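Tertiary structure, described
Single-letter residue listing:
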Amino acid sequence: MSQPQAAVGAPAPRVDARLRVTGRTKYAGDNNPHGVVHAVVVDSSVGRGRITGIDSRAAEGQTGVLKVISHLNAPKLPPRAPGFPPGEALRPFQDERVRFFGQPVAVVVATTLEVAQHAASLVKVSYDAQPPSTDIGAAEPAGDPETYARGDADEALKAADVKLDLTYRMARNHHNPMEPAGTVAGWEGDQLTLWEKTQWVGGTVTTMAGEFGMPPDKIRVISPAVGGGFGSAGRTWVHTAIAALAAREVRRPVKLVLTRRQTYFGVGYRPAYEYELRLGGNRRGRLTASAHDVRAETSRYERHREGVLDPGRMLYSTPNVRQVYRHVPLDVNTPWFMRGPGYSSGTYCVESAMDELAHELDLDPIELRLRNEPAGDESTGLPFSTRRLRDCYRVGASEFGWHRRNPRPRSTRDGDWHIGMGMAAGVYDTARSEAHASVRLDADGTALVQSSTSDMGPGTATSMTQVAADALGLTMRQVAFRLGDSTMPPAPGHNGSRTMASVGSAVQDGCDKLRKQAITLAVKDEGSPLYGVDPTDVVVRGGRLHMKDEPTRGETYQRLLTRNDRTHLEALGAYAGAPERERFSFYAYAATFAEVAVDARLGLVRVRRMVGVYDAARIINPRLADSQAIGAMTGGIGQALLEHTVTDHRDGRIVNANLADYLVPTHADMPDMKAIYIEGEDFEADPIGVKGLGEIVIVGVAPAIANAVFNATGRRIRELPITAEALL
């Protein structure tokens with residue numbers, strides 16, 4: 001067996017901290033292979049129509065311009081394999097159609113970035129333009145709606161003692177990570193190498209193999225560091241194919257990095273929603289029925305779907321539920337998953353409605369939630385593996401001082417400010433996927449662990465090093481973890497809070513196998529002090545194998561390997577992922593508490609403090625967990641109060657496609673925040689007992705703030721973001 005926990009559970013600093021803070025971390029756009037040239041995309045200036053002409057003569061006449069590529073001269077890509085990728089994902093320069101404003105219509109390749117930028121401005125494109133449809137409120141749904149039902153919600157709503165009929169609207173949000181999307185592409189014969197900003201190197205390999213009709217083993221994707229993603233780099237976008245196509249055409253490596261403005265059209269966003277919710281209950285505070293009707297924006301050429309309805313199915317005990325999900329196709333680029341996808345939007349509606357119902361019934365919001373705690377997952381009939389949401393309420397209420405909340409709105413003031421407290425529950429499903437990791441122990445007693453997983457900020461290398469160190473009986477300094485290269489053992493996408501459970505379990509498996517190899521070698525080696533002992537009586541601590549009950553009898557990894565003329569031991573760890581048929585329902589939970597101040601005259605909202613309590617099972621590194629939680633609370637402030645993508649519906653132009661006009665929280669907006677983790681583990685979920693943390697920490701933040709705003713002002717604002725104008 002390995003040593004007791006030493007690294008896991010400790011607030012260890014990031015193993016790559018010095019590289020990050022000194023600017024030595026190498027991101028995709030920092031790579032400059034020999035002979036690299038630069039590409040700049042020319043974007044469509046209309047929101048729908050057809051290209052009728054492209055005049056690139058002025059651009060091509062600039063010194064340093066190598067080529068201008070458009071549908072007029074681009075090579076035709078081979079047909080995709082049936083069913084891949086989903087829908088009709090955008091392909092570069094294959095026809096004259098314009099599907100959305102900002103769509104790439106050409107690319108300029110030049111020897112310097114400045115020349116490419118200037119030349120791109122000289123490309124003249126003419127269009128046969130048509131009015132685009134970009135307003136979800138004015139467009140009609142298409143296709144058959146997706147439905148779910150249990151019981152008879154309509155009849156139960158008619159009979160309910162208390163009924164609420166509510167409509168919520170949520171604005172489109174953009175991810176806006178610090179590192180913009182970018183790719184460096186280079187060919188050597190038929191071998192393609194991509195230095196790519198991606199949360200899934202394996203997914204990029206598969207997508208590019210499909211785009212270019214080539215074997216996946218001819219593609220290498222390198223992405224050891226991702227400068228933030230929030231989901232935006234969770235799929236391969238068209239700019240990656242453009243870079244690869246351009247590199248093949250000019251026969252030189254090509255660097256293509258999107259501008260901040262281009263990311264608003266190029267890498268997805270959290271879609272806008274219209275969510276109608278009818279809630280019914282009795283006077284004792286028990287829910288009897290709910291009906292959910294969602295309209296969600298998607299692109300016309302591809303269909304995006306996320307779990308916005310899932311919280312309404314299982315968060316509370318409700319015998320009668322009806323749900324309808326309608327896709328509203330628009331002339332826009334395709335939405336994509338953004339932190340807490342689906343659940344953060346759906347929970348805003350459900351948790352705002354629960355607060356409204358509590359006020360209607362004159363019940364404490366926590367008490368209403370407790371009265372509707374389910375015994376199991378009513379959407380699947382499965383028992384919960386763990387559900388410590390009651391503990392989240394109890395601990396959060398105590399830490400936050402919930403007892404000081406006056407339930408009467410507009411009853412608490414601080415000078416010119418109305419003060420309010422609000423809370424909300426949160427839920428996110430526990431995703432697990434197949435993963436692999438290689439482990440190598442060298443004769444000097446150090447270990448190298450590798451997996452093709454990614455790190456967009458949570459500290460993947462650090463948490464995996466902690467798991468490996470404990471499993472091998474080494475210190476963290478004796479273990480190195482490498483990631484982000486498709487030549488390494490395959491791993492799932494770094495999204496959906498699945499990395500720790502999936503890759504961590506593979507690392508644990510590989511390190512367990514290797515440690516057992518070493519123990520077996522020792523007990524069979526006549527020269528070892530451990531010769532002939534029962535392997536189960538051997539532990540490894542500090543790089544030394546010894547008898548559990550006789551610590552002086554043992555030897556180091558180094559001595560064992562050297563004596564046996566071994567340069568190293570190695571093993572491949574694997575985790576199979578979630579079974580096809582689950583025995584339990586797996587979720588992480590949250591309770592978020594917020595205090596806000598609202599200026600009585602100006603309607604300005606300031607979040608003063610926030611407490612988040614999480615049931616996320618075993619916490620590998622509390623310091624990294626706090627970083628995730630505080631970042632998510634900050635993101636939730638943005639979702640609740642600031643973030644709103646504004647579209648000019650005349651042509652589909654995003655008018656605030658920059659960080660000056662698209663508002664995100666700054667340090668000045670960050671209040672006193674505290675994260676608390678309920679102790680426990682969930683070994684039914686995975687071998688290391690964890691649940692995903694990165695998504696659950698944002699789910700419930702926006703409704704907690706909205707409910708606090710109501711407590712402060714007596715105004716129910718059912719549209720995100722909550723603006724000063726709405727409160728005046």
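Okay, so let's go over this structure. Only a predicted model underlies this, so the values are computations on that prediction, with no experimental measurement involved.

For the rest of this paragraph, the subject is the overall build of the protein. Assigned secondary structure in the protein consists of 17 helices and 30 strands. By the compact-globule yardstick of 27 Å for 728 residues, the protein fits well, its C-alpha radius of gyration being 27 Å. Considered along the principal axes of its C-alpha atoms, the protein spans approximately 80 × 75 × 50 Å. The burial tally for the protein puts 61% of its 728 residues in the buried class. The contacts in the protein between residues at least 6 apart in sequence include a share of 81% that link residues at least 24 apart. Of the roughly 28,500 Å² of accessible surface on the protein, 49% is carried by carbon and sulfur atoms. Charged side chains of the protein number 85 positive and 86 negative; the gap between the two group centres comes to 2 Å.

Take Thr204: it is sitting in helix 5 (residues 201-212). A distance of 3.2 Å separates a polar atom in the side chain of Thr204 from a polar atom in the side chain of Thr236.

Let us look at the sheet that holds strand 8 (residues 162-170). What the six strands build is an open sheet, ordered 7-15-14-13-8-30; its pairing is mixed. With one partner strand each, in any of the chains shown, strand 7 (146-150) and strand 30 (719-720) form the two edges of the open sheet. Strand direction decides the pairing type here: strand 8 and strand 13 (residues 273-281), joined by nine bridges, are antiparallel. Residue pairing across strands places Arg169 opposite Glu274, the latter belonging to strand 13. Contacting strand 8, strand 13, strand 14 (287-299) and strand 30, helix 9 (residues 343-361) crosses the sheet at an angle of about 145 degrees to strand 8.

Before going further, it helps to spend a moment on the packing of helix 9 against helix 16 (residues 701-713). Two elements in contact, helix 9 and helix 16, have axes separated by 8 Å at closest approach and are oriented at 30 degrees. What the angle tells us is that helix 9 and helix 16 run roughly parallel. As helix 9 runs across helix 16, the sense of the crossing is right-handed. Taken together, the residues of helix 16 that come into contact with helix 9 (itself represented by Thr347, Tyr348, Glu351, Ser352, Asp355 and His359) are Ala702, Pro703, Ala706, Asn707 and Phe710. Among the residues forming the contact of helix 9 with helix 16, the class breakdown is five nonpolar, four polar and two charged.

Before going further, it helps to spend a moment on the pattern of salt bridges. Across all of its chains, the model carries 47 salt bridges by this definition. Note that Asp485 is salt-bridged to Arg220, the shortest N-O span being 2.5 Å. One end of the pair, Asp485, is in the loop between strand 20 (479-482) and helix 13 (499-523); the other, Arg220, is in strand 11 (residues 219-222), and 265 residues separate them in sequence. Judged by its relative accessible area of 33%, Arg220 falls in the partly exposed class.

This part takes up the pairing of strand 2 (residues 49-55). Bridging between strand 2 and strand 4 (residues 97-98) involves two bridges; their strand directions are antiparallel. In the sheet register, Gly49 faces strand 4, and the bridge partner there is Val98. Across six bridges, the pairing between strand 2 and strand 6 (residues 124-129) is antiparallel. Across the sheet, Gly53 pairs through a bridge with Ser126, a residue of strand 6.

Between its first and last C-alpha atoms helix 12 (residues 460-472) spans 18 Å; for 13 residues at 1.5 Å apiece the expected length is 18 Å, and the two agree. Burial runs high along helix 12: 13 of the 13 residues are buried. Residue Gly473 follows helix 12 closely and has a positive phi angle near 70 degrees.

What follows is about helix 16. Between its first and last C-alpha atoms helix 16 spans 18 Å; for 13 residues at 1.5 Å apiece the expected length is 18 Å, and the two agree. Counting buried positions over the 13 residues of helix 16 gives 13, a clear majority of the element. Gly714, located one to two residues past helix 16, shows a positive phi value of around 80 degrees.

All right, on to the nonpolar core then. In this structure, Tyr275, Phe593, Val596, Tyr614 and Ile705 are the most contacted members of the largest nonpolar core, which totals 89 residues. Not counting the four nearest positions on each side in its chain, Ile705 is found in contact with Ala594, Val596, Val607, Met610, Gly636, Ile637, Ala640 and Leu641.

Reading across from one edge, 4-2-6 is the order of the three strands in this open sheet, with antiparallel pairing throughout. Of all the strands in the sheet, just strand 4 and strand 6 have a single pairing partner and so form its edges.

For any two helices packed against each other, one specifies the inter-axial angle together with the distance between the axes. Two numbers describe how helix 5 lies on helix 6 (residues 238-250): the axes approach to 11 Å, and their chain directions differ by 55 degrees. Taken together, the axes of helix 5 and helix 6 are oblique relative to one another. At the point where helix 5 passes helix 6, the crossing takes the right-handed sense. Here Thr204, Met208, Glu211 and Phe212 of helix 5 come into contact with helix 6, specifically with Thr240, Ala241, Ala244, Leu245 and Arg248.

Of all 13 residues that make up strand 25 (residues 587-599), 13 are buried, and the element is covered over most of its length. Of the two faces of strand 25, both are covered, the one formed by Tyr587, Tyr589, Ala591, Phe593, Glu595, Ala597 and Asp599 as well as the one formed by Ala588, Ala590, Thr592, Ala594, Val596 and Val598. Inspection of the sheet shows strand 17 (residues 417-429) paired to strand 25 by 13 bridges, in the antiparallel sense. Bridging from a neighbouring strand, Gly420 pairs with Val596 of strand 25. Across ten bridges, the pairing between strand 25 and strand 26 (residues 605-615) is antiparallel. Following the sheet pairing, Phe593 is matched in strand 26 by Val611.

Calculation notes
Residues numbered from 1 in each chain as written. Predicted model: local features only at pLDDT ≥ 70, side-chain atom pairs only at ≥ 80, totals over all residues. Heavy atoms only, no water. Helix = DSSP H or I, 4+ residues; strand = E, 2+ residues; numbered from the N terminus. Rg over C-alpha atoms; globule rule 2.2 N^0.38 Å. Buried < 20%, exposed > 50% of the residue type's maximum accessible area, 1.4 Å probe, protein only. Contact = heavy atoms within 4.5 Å. Areas by Shrake-Rupley, 256 points an atom, 1.4 Å probe, with all protein chains shown as cover. Lys, Arg positive; Asp, Glu negative; His and termini not counted. Charge placed at Lys NZ, Arg CZ, Asp CG, Glu CD. Polar contact = N/O pair within 3.5 Å; in protein donor to acceptor, adjacent residues only side chain to side chain. Pairing = 2+ DSSP bridges. Axes fitted to C-alpha atoms, helices over the stretch in contact; angles between N-to-C directions. Parallel < 35°, antiparallel > 145°, perpendicular 65-115°, else oblique. Left-handed = near helix turned anticlockwise from the far one by under 90°. Nonpolar A, V, L, I, M, F, W, Y, C, P; charged D, E, K, R; others polar. Salt bridge = Lys/Arg side-chain N within 4 Å of Asp/Glu carboxyl O. Expected span 1.5 Å × (residues − 1). Core = buried A, V, L, I, M, F, W, Y, C linked by side-chain atoms within 4.5 Å.

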